[in-house]
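Inside the fold
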Amino acid sequence: MNRRQAIGTIALGTAAITFFPQCQSIIVPTFKNFEVQPKAYKLLTHLADVILPKGELPIETVEPTAEYILNVIDACYSSEDRTKYLEGWAAYQTYVEEEVQRKPKKWDEAQTNTVLKKLELMLEEDNAFAGFYKSTKYLTRQHFTTSEHYMKDYLEFEFIPGRYEPCVAV
């Protein structure tokens, strides 16, 4: 391959990456009991960020919040509860597609507040949609409250046996 062909190939590749950002796919984890589509995973990630916006907090966890939620649903929920959660998740996706009609990253503050108000009103009902939101809200909080940042900075948690004090008056 000569220099002109190499430069042309690099330019073509750069142009393709620039003009086709939709071709970049999101990496969705795999689960034992159900399959997750990238669009649905992005929607769940956005909902978790709306429920508990982290902003500038230095939260470092092993897995993102959406992955944590789905791992708990996959491993800890019974098959009936998992089915209800997935039905509620599908209902949430349908609600977003029909009512909001925009991608979550393009929502303005009014749309975000409208969706949250709708979800909060659903908490009083007993259906799959409400169960989905209750579980997502609970697991989002649980993921944050078990993070290292929260445990050390807010709870002042220390691992056993605690700190070492060599000379202590008895």
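It should be noted that the structure appears before, not after, this text.
In this text, all values refer to a predicted model and were calculated from it rather than measured experimentally.

A complete count under the given rule lists eight aromatic pairs for this structure. A centroid spacing of 5.1 Å and a plane angle of 55° characterise the contact between Tyr85 and Phe132, whose relative ring orientation is tilted. Remark: Phe132 occurs in helix H6 (residues 128-145) and Tyr85 occurs in helix H4 (residues 79-100); sequence separation between them is 47 residues. Each of the two residues, Tyr85 as well as Phe132, counts as buried. Taken together, the aromatic side chains of Tyr85, Trp89, Tyr92, Tyr95, Phe129 and Phe132 make up a single cluster linked through ring pairs.

Let us look at helix H2 (residues 38-51). Between its first and last C-alpha, H2 extends 20 Å over 14 residues, near the 20 Å set by a 1.5 Å rise per residue. By the burial criterion, the buried members of H2 are Ala40, Tyr41, Leu43, Leu44, His46, Leu47, Ala48, Val50 and Ile51. Residues of H2 that are buried in the fold lie against helix H3 (65-76), H4, helix H5 (109-122) and H6.

Criteria and thresholds
- Position labels on residues start from 1 in each chain and follow its written sequence.
- Residues qualify for local features only when their pLDDT is at least 70, as the model is predicted, and side-chain atom pairs are given and counted only at 80 or more; totals for whole chains, interfaces and linings, by contrast, use all residues.
- Note that water and hydrogens are dropped before the side-chain values are worked out from all heavy atoms of the structure.
- Pairing of aromatic rings covers Phe, Tyr and Trp, the last counted by its six-membered ring, and requires centre-to-centre distances within 6.5 Å; plane angles under 30 degrees mean stacked, over 60 mean edge-to-face, and any other angle means tilted.
- For helices the rule is a DSSP run of H or I covering at least 4 residues; for strands it is a run of E covering at least 2, with both sets numbered from the N terminus onward.
- Exposure classes here rest on a 1.4 Å probe applied to the protein chains alone. A residue is buried below 20% of its type maximum, exposed above 50%, and partly exposed in between.
- For a helix, the expected span equals 1.5 Å multiplied by the number of residues minus one.
- Two residues form a contact once any of their heavy atoms are found within 4.5 Å.

Note that every value here comes from positions in space, so none of it alone points to a role or purpose.
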